[in-house]
Amino acid sequence: MQKDCNGVKYDSGKSMMSLVPPRALRETSNVLTFGAQKYSPNNWRKLDNLQSRYLDAALRHINEFQTGIEIDEESGCHVLSHAICDLMFVLEDILMSEKEI
């Protein structure tokens with residue numbers, strides 16, 4: 001049986017998820033996996049003052065990078081991948097809050 005090569009898919013204007021850098025995505029997911037194993041999956045959502053605490057954590061990781069530290073001793077992951085996770089948590093919380101309005 002021959003495939004119909006005239007299929008239609010309406011995806012113009014949608015996010016091009018393939019543009020997310022794959023190595024950075026993998027390293028960031030390694031941080032998320034480390035956190036899930038250390039605490040529990042999605043434990044980050046349960047914190048009080050989530051936004052300020054994770055913004056502080058992101059800035060600490062960025063400062064580590066600025067001072068020449070690239071690898072987090074405990075996780076073995078790049079400190080910037082930790083900062084990315086922290087910022088993603090803040091952004092997710094903001095976006096979820098906006099959705100509830």
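Residues numbered from 1 in each chain as written. Predicted model: local features only at pLDDT ≥ 70, side-chain atom pairs only at ≥ 80, totals over all residues. Heavy atoms only, no water.

**Regarding the overall build of the protein chain**
When its secondary structure is counted, the protein chain shows 3 helices and 0 strands. At 18 Å, the protein chain has a C-alpha radius of gyration far larger than the 13 Å of a compact globule built from 101 residues. The burial tally for the protein chain puts 20% of its 101 residues in the buried class. Within the protein chain, contacts between residues separated by at least 24 positions form 60% of all contacts whose residues are at least 6 apart in sequence. A total accessible area of about 8,400 Å² is found for the protein chain, and carbon and sulfur atoms account for 55% of it. Each charge class in the protein chain was averaged separately, 11 positive and 15 negative side chains, and the resulting centres sit 8 Å apart. (Helix = DSSP H or I, 4+ residues; strand = E, 2+ residues; numbered from the N terminus. Rg over C-alpha atoms; globule rule 2.2 N^0.38 Å. Buried < 20%, exposed > 50% of the residue type's maximum accessible area, 1.4 Å probe, protein only. Contact = heavy atoms within 4.5 Å. Areas by Shrake-Rupley, 256 points an atom, 1.4 Å probe, with all protein chains shown as cover. Lys, Arg positive; Asp, Glu negative; His and termini not counted. Charge placed at Lys NZ, Arg CZ, Asp CG, Glu CD.)

**Brief notes about the environment of aspartate 93**
By the secondary structure assignment, aspartate 93 is in helix H3 (residues 79-100). In this structure aspartate 93 comes out as partly exposed when scored by relative accessible area, which is 25%. Distance in space between the C-alpha atoms of aspartate 93 and aspartate 11 is 27 Å, their sequence separation being 82 residues. Once you skip the residues sitting within four places of it in the chain, aspartate 93 turns out to touch Leu50 and Gln51.

**A look at the layout of surface pockets**
In this structure, the largest pocket spans a volume of roughly 720 Å³. Lining the largest pocket we find 27 residues, and of these Gly35, Tyr39, Tyr54, Asp86 and Phe89 sit closest to its centre. Across the lining of the largest pocket, the residue classes break down as 13 nonpolar, 7 polar and 7 charged. (1 Å grid on protein atoms, 1.4 Å probe; cavity = no way out; pocket = protein on both sides within 12 Å on 5 of 7 lines; lining within 4 Å. Points joined across faces, edges and corners; volume = space filled by probe spheres on them. Nonpolar A, V, L, I, M, F, W, Y, C, P; charged D, E, K, R; others polar.)

**Digging into the packing of aromatic side chains**
Tallying each qualifying case throughout the model produces 2 aromatic pairs. Ring plane angle 80° and centroid distance 4.9 Å describe the contact between tyrosine 54 and phenylalanine 89, whose orientation is recorded as edge-to-face. Linking tyrosine 54 in helix H2 (residues 50-66) with phenylalanine 89 in helix H3, this pair joins segments that are 35 residues apart in sequence. Classification of tyrosine 54 by relative accessible area gives buried; the value is 14%. Three or more aromatic residues link up through ring pairs in this structure, and these residues are Trp44, Tyr54 and Phe89. (Phe/Tyr/Trp six-rings, centres within 6.5 Å; stacked < 30°, edge-to-face > 60°.)

**Details of the environment of leucine 50**
Relative to the helices and strands, leucine 50 resides in helix H2. Sequence-distant contacts of leucine 50, defined by excluding residues within four places in its chain, comprise Trp44, Arg45, Phe89, Val90 and Asp93.

**Digging into a nonpolar patch on the surface**
A cluster of nonpolar side chains, contributed by Met17, Val20 and Leu25, occupies part of the molecular surface with about 300 Å² of accessible area. Along the polypeptide, leucine 25 turns up in helix H1 (residues 22-38). (Patch = residues over 30% accessible without salt bridge, like charges linked within 9 Å, V, L, I, M, F, W, Y side chains within 5 Å. Salt bridge = Lys/Arg side-chain N within 4 Å of Asp/Glu carboxyl O.)

**Considering the pattern of salt bridges**
Counting across every chain of the model gives 1 salt bridge. The residue lysine 38 makes a salt bridge to glutamate 74 at a minimum N-O spacing of 2.8 Å. Of this pair, lysine 38 sits in helix H1 while glutamate 74 sits in the loop between H2 and H3, and the two are 36 residues apart along the sequence. For lysine 38, a relative accessible area of 40% gives the class partly exposed. Note on glutamate 74: relative accessible area 52%, which makes it exposed.

None of the figures reported here should be taken as evidence of function without further support.
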